[in-house]
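A closer look at the structure
Here are the chains, one letter per residue:
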Amino acid sequence: MDTLAPRIIVHAGQQRNALSQRLAREVQGEILFSSGDRGRYATDASIYQVDPIGVLVPKTFDDIRIAVDICRELKAPIIARGAGTSQCGQTVGHALILDNSKYLNQIVDLNLDAMTVTVEPGIVLDQLNAALRPHGVWFPVDVSTAAQCTLGGMAGNNSCGSRSIAYGNMVHNVQAIDALLSDGTEGCFQAMAQMLDDTSRLGALVQSLRDIATREHEEIARQVPNVLRRVGGYNLDIFNPQSVRPYTPDNSVNLAHLLVGSEGTLGITRQITLKLSPLPANKVLGVVNFPSLRAAMESAKHIVTLEPTAVELVDHTMITLGLGNPAFAPVIRQALIGEPSALLLVEFAGPSRDAQLHKLDQLADLMGDLGHPGCVVRLPEAHQQQALWGVRKAGLNIMMSMRGDGKPVSFIEDCAVPLEHLADYTSRLTEIFHKHGTSGTWYAHASVGTLHVRPILDMRVDGAEKMRAIAEEASAIVREYKGAYSGEHGDGLVRSEWISWQFGPRLARAFEDIKALFDPAGLMNPGKIVHPPKMDDVSLFRFKPSYQVLPFQPGLDWGAWNVTQNPREQTSGPAGSGNDPAKGFGKAIEMCNNNGHCRKFDAGAMCPSYRVTRDEQHLTRGRANTLRLALSGQMGPNAFVSEEVRRSLDLCVGCKACKRECPTGVDMARMKTEFLYQWQKQHGTTLKDRLIATMPKWAGWAARMPWLFNARDTVPGAAWLSEKLLGFSARRTLPRWRRDTFLSSAPADHHDDADVVLFADTFNNYLESENAHAALTVLSAAGYKVHVARPASHDAERNRPLCCGRTYLSAGLLDEAKKEASRVVSALQPFVARGVPVVGLEPSCLLSLRDEFLVMGLGEDAQALAKQSFLFEEFLAKEHQAGRLNLPLKALPQTRALLHGHCHQKAFDAVRPVQQVLGLVPGLQVQLIESSCCGMAGAFGYEASHFDISMKMAELSLLPAVRSAGPDDLIVADGTSCRHQIVDGAQRQAEHVARVLERALA
């Protein structure tokens, strides 16, 4: 073995070099073979990690044809991949990964007469349905990952979705698949009647498949479970249907249905023809609150008699974790009656709204008959339903936000049992979990007997042993109830081992025969479905026994992630009680479970750089994987402060969208700050970065000599010179300095009886003082006694204005940032102690008081300050809601305001207050611009190296919306950088909300 291992390594290296060189010469696509790139594609949303040979991002399908030919010659395996969100390890392996999501994502044909659409495999489900919606149709296999999953991946997994009880699984909604086989054969797999006369290899393949099916006719009837949710193995029963829902209306054979669920082991999809359904005209939602999980499960079989389109479970764990997530908490609260232990989301849909509302009445009556009166919350409006479905869709990932070494692990999570056994099944599984010292998390499709149950296991310690034991005991129950071991998420590495158990040795051999027919060389996604490894082969785990986080002294406090855990009680110990050698930073990074929620494009703000580049490297998930691999030594010594890691974080704009929108709470903005701190300690800072960071120190000089500091944009050649010497883009104007700073003219009285403290940040003091003056005027007009924040009398730098330290954070200069933060905490402590609220104008500055200040070791005074710090609009909205705001406002000449929210406002749910206070202006219509990051992100957009990316971010939605505004429309943006981007990119002046309110004062 010792002599063989080096040969294998050399052979693998030779194969990788040969493959990368051939691809570089012969294809147009992007070739990613570095250790960092391979590491980012080594994982999916499963527990596994396997280093691929390399990655090809094909630009055309010709690239794939060429790659398959090269791989066949070099005997290199191939794995086609979409979003990489597979939960069973389908898209990981030692192979050439083909990432089809970036370029092969178009609609090829839409035929409304035939109610079909033909698409390339990389198109995302939500993007497809957005394109179909104006035509009144949709593709109804609505999986929870609809914002990121690709149709190719859905076909590969035979995905199901929440409404499969009404629409069926993926296999029921696919009409044809054009595919490429490993030997170069290419053709359309469709209705068998249309393929029988083919005299090519495809015709011979069809005949061989018929022979296998004829041979195994009785075995199919005996072994294939008769349940809707069954996605294991190959769909050989298309020749002898066993599903409770026919594959085709007339039970004819369609060979495309054999490729569905084959997990890329038989061929590579070129395009898929899908069946469409009319959009439901009316939908209503009833949320049934239950005192126990068993009560919910016992009710499911009765609820389905009302013919709902969906019945989805939300368990107590998900309710609790969801209430702890700022994005989900308000939505969940509206669905609760008291403190339930489980919810069932019951949807009805149809042409008549009155009929659907009557269904809600029937649901309430049924629950009363079952002994649960008054337990239904009615959500008849579309926006209410969409919000709650959004939380439900994030359910699996919400479960993964549990802190500690133990995580809910996917391996028996979608076993399907008949509804009459569902309650007993959950109770017996719970007993098994307790027997092994753990508990489970539950959610998903109660309508069809498929519950996503994940026991909490620590895969670093004894998780593999417990996983095996639990799987064996759970499978026995599934067999007893005549259910399916794989009901939705496929086989992959975690369940392929169980195919022989589920279908018997004869059908397992038949599957091997099918694999050999399609892929005689065994190159297509080997180890899945046939000839699999053991599910608990620890060499394939992401957290192998050898995995260890390297000792690390972080600059920020990550103790909240470094906790002990009781998996049975689902509780965790106090912050800092864990054993993370990186003091919690390693655990924070590991919160990323690769769910890919950051890949979305159609909602929220995450992830702005990925929306532009569509590169895994520039995705929150990609960055988290890079940090994890570096911090665990898998990218070599001292990799954490390497150029590879720096490149992966370079386009992170620190927008904090992931802080709010990532279901597992990955805060990449804070992680980048930590990285920059470690980077500058070893590599130092550039002159440009130090100029930006120290801006609060030299801003006073710029205010005294604005003509000199503004010369860069007025003297010919100065902009070009600043780009060459400092890296500031010559295509970008810089902020203009001025003498009339806010603090130079603001009242200096201390106001011991002040009602509010106004914190003037560096930008609104030195660059746009009119905003701070406007805020002071508005607050005073509302009757508040305002104290303008100034340094404490004992401050060694009391002649310099207070600063939140944001500019220092952007360069990783944490020690300097902490000094600035300490000055702010000290100056404001007397007011905070008296309960006086602190109000600020610039979101990135003020919200630092509620975020970074809490992890700098500044003590209880910082905690107290955070609780009393508000953005200007938040304070006014809160006062208005409490009935205390007395602000006399009149109508403005403008009647419409377009509002762009700063990224940090979005992250802290502080955009709605802007809408609310603008809504106080009589006759002013407020329209929110649905946008991600404006692209400026502090200094990011000023840098020459980032200018193009910055503008592409802005052009996604912000600048087109601003350009479409009428000449009399107001453009409102509270962020200094946002306003600069708007004037540079659209030649429109945007205003802070304080200035709008000032002009509206009566």
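Everything discussed here concerns the structure shown above.
Please read all numbers here as calculations on a predicted model, not as lab measurements.

**Observations regarding the overall build of the protein**
Across its full length, the protein carries 43 helices and 27 strands. At 30 Å, the protein has a C-alpha radius of gyration in line with the 30 Å of a compact globule built from 1002 residues. When the backbone C-alpha atoms are referred to their principal axes, the protein occupies close to 95 × 70 × 55 Å. In the protein, which comprises 1002 residues, the proportion classed as buried is 63%. Pairs at least 24 residues apart make up 74% of the contacts formed inside the protein by residues separated by at least 6 positions.

**Thoughts on the environment of serine 546**
Looking at where serine 546 falls in the secondary structure, it is placed in the loop between helix H19 (499-518) and strand E19 (565-566). Separated by 86 residues in the primary sequence, serine 546 and arginine 460 place their C-alpha atoms 8.8 Å from one another.

**A few points about the sheet that holds strand E21 (residues 756-759)**
Reading across the sheet, the four strands line up as E22-E21-E23-E24 and stay open at both edges, with parallel pairing between neighbours. The strands lining the two open edges of the sheet, one partner per strand, are strand E22 (786-788) and strand E24 (869-871). Each strand axis lies, on average, 30° off the axis of its neighbour in the sheet, ignoring direction. The sheet contact formed by E21 and strand E23 (residues 838-840) spans three bridges and is parallel. Note on E23: the bridge partner recorded for phenylalanine 759 is glycine 840.

**Here's the deal with the environment of leucine 493**
Residue position: leucine 493 is located in helix H18 (residues 492-495). In this structure, the C-alpha to C-alpha distance between leucine 493 and phenylalanine 411, residues 82 residues apart in sequence, is 9.6 Å. When residues no more than four places from it in sequence are discounted, the contact partners of leucine 493 are Tyr48, Cys88, Gly89, Val92, Gly527, Lys528, Pro533, Met535 and Leu540.

**Remarks on the side chain of aspartate 458**
Here aspartate 458 lies in the loop between strand E18 (450-457) and helix H17 (463-480). In this structure the side chain of aspartate 458 is engaged in a polar contact, spanning 3.0 Å, whose partner is the backbone nitrogen of arginine 460. Each residue touching aspartate 458, except ones within four places of it in the same chain, is listed here: Asp405, Gly406 and Gly463.

**Some points on the pairing of strand E14 (residues 342-350)**
Counting buried positions over the nine residues of E14 gives eight, a clear majority of the element. In this sheet, E14 lies alongside strand E12 (residues 282-290) in antiparallel orientation, the contact comprising nine bridges. Looking at the pairing, valine 287 lines up with leucine 345 of E14.

**With respect to the pattern of salt bridges**
It is possible for side chains of opposite charge to pair when their charged atoms get near one another. Under the criterion given, the structure shown has 72 salt bridges. For the salt bridge of glutamate 820 with arginine 823, the shortest nitrogen-to-oxygen distance reads 3.2 Å. In this pair, glutamate 820 and arginine 823 are both assigned in helix H34 (residues 814-833), three residues apart and thus about one turn of the helix distant. We note that glutamate 820, like arginine 823, is buried. Between glutamate 991 and arginine 999 there is a salt bridge whose closest N-O contact spans 2.4 Å.

**Description of the sheet that holds strand E10 (residues 268-275)**
Ordered by their spatial adjacency, five strands build an open sheet running E5-E6-E10-E8-E9, and the pairing between neighbours is antiparallel. Across the chains shown, the open sheet's two edge strands, defined by having one partner strand only, are strand E5 (107-111) and strand E9 (186-189). On average, each strand axis in the sheet is inclined to that of its neighbour by 10°, with strand direction left out of account. Of the strand pairs in this sheet, strand E6 (residues 116-119) and E10 are connected by four bridges, and their pairing is antiparallel. Within E10, the position partnered with threonine 118 by the bridge is threonine 273. Sheet strands in contact with helix H3 (residues 61-74) are strand E8 (174-180), E9 and E10, and its direction is about 135° off that of E10.

**Observations concerning helix H40 (residues 947-956)**
Among all positions of H40, only Phe947, Ile949, Ser950, Met951, Met953 and Ala954 are buried. Structurally, H40 contributes buried residues whose contacts are with helix H21 (608-613), helix H41 (958-963) and helix H42 (976-986).

**Some words on helix H11 (residues 316-323)**
One turn of the α-helix equals 3.6 residues, which is why residues spaced by three or four share an orientation. Here H11 has its buried residues at Thr317, Met318, Ile319 and Gly322. The opening residue of H11 is aspartate 315, an N-cap whose side-chain oxygen sits 3.2 Å from the backbone nitrogen of threonine 317.

Reading guide: rules and limits
- Residues numbered from 1 in each chain as written.
- Predicted model: local features only at pLDDT ≥ 70, side-chain atom pairs only at ≥ 80, totals over all residues.
- Heavy atoms only, no water.
- Helix = DSSP H or I, 4+ residues; strand = E, 2+ residues; numbered from the N terminus.
- Rg over C-alpha atoms; globule rule 2.2 N^0.38 Å.
- Buried < 20%, exposed > 50% of the residue type's maximum accessible area, 1.4 Å probe, protein only.
- Contact = heavy atoms within 4.5 Å.
- Pairing = 2+ DSSP bridges.
- Axes fitted to C-alpha atoms, helices over the stretch in contact; angles between N-to-C directions.
- Polar contact = N/O pair within 3.5 Å; in protein donor to acceptor, adjacent residues only side chain to side chain.
- Salt bridge = Lys/Arg side-chain N within 4 Å of Asp/Glu carboxyl O.

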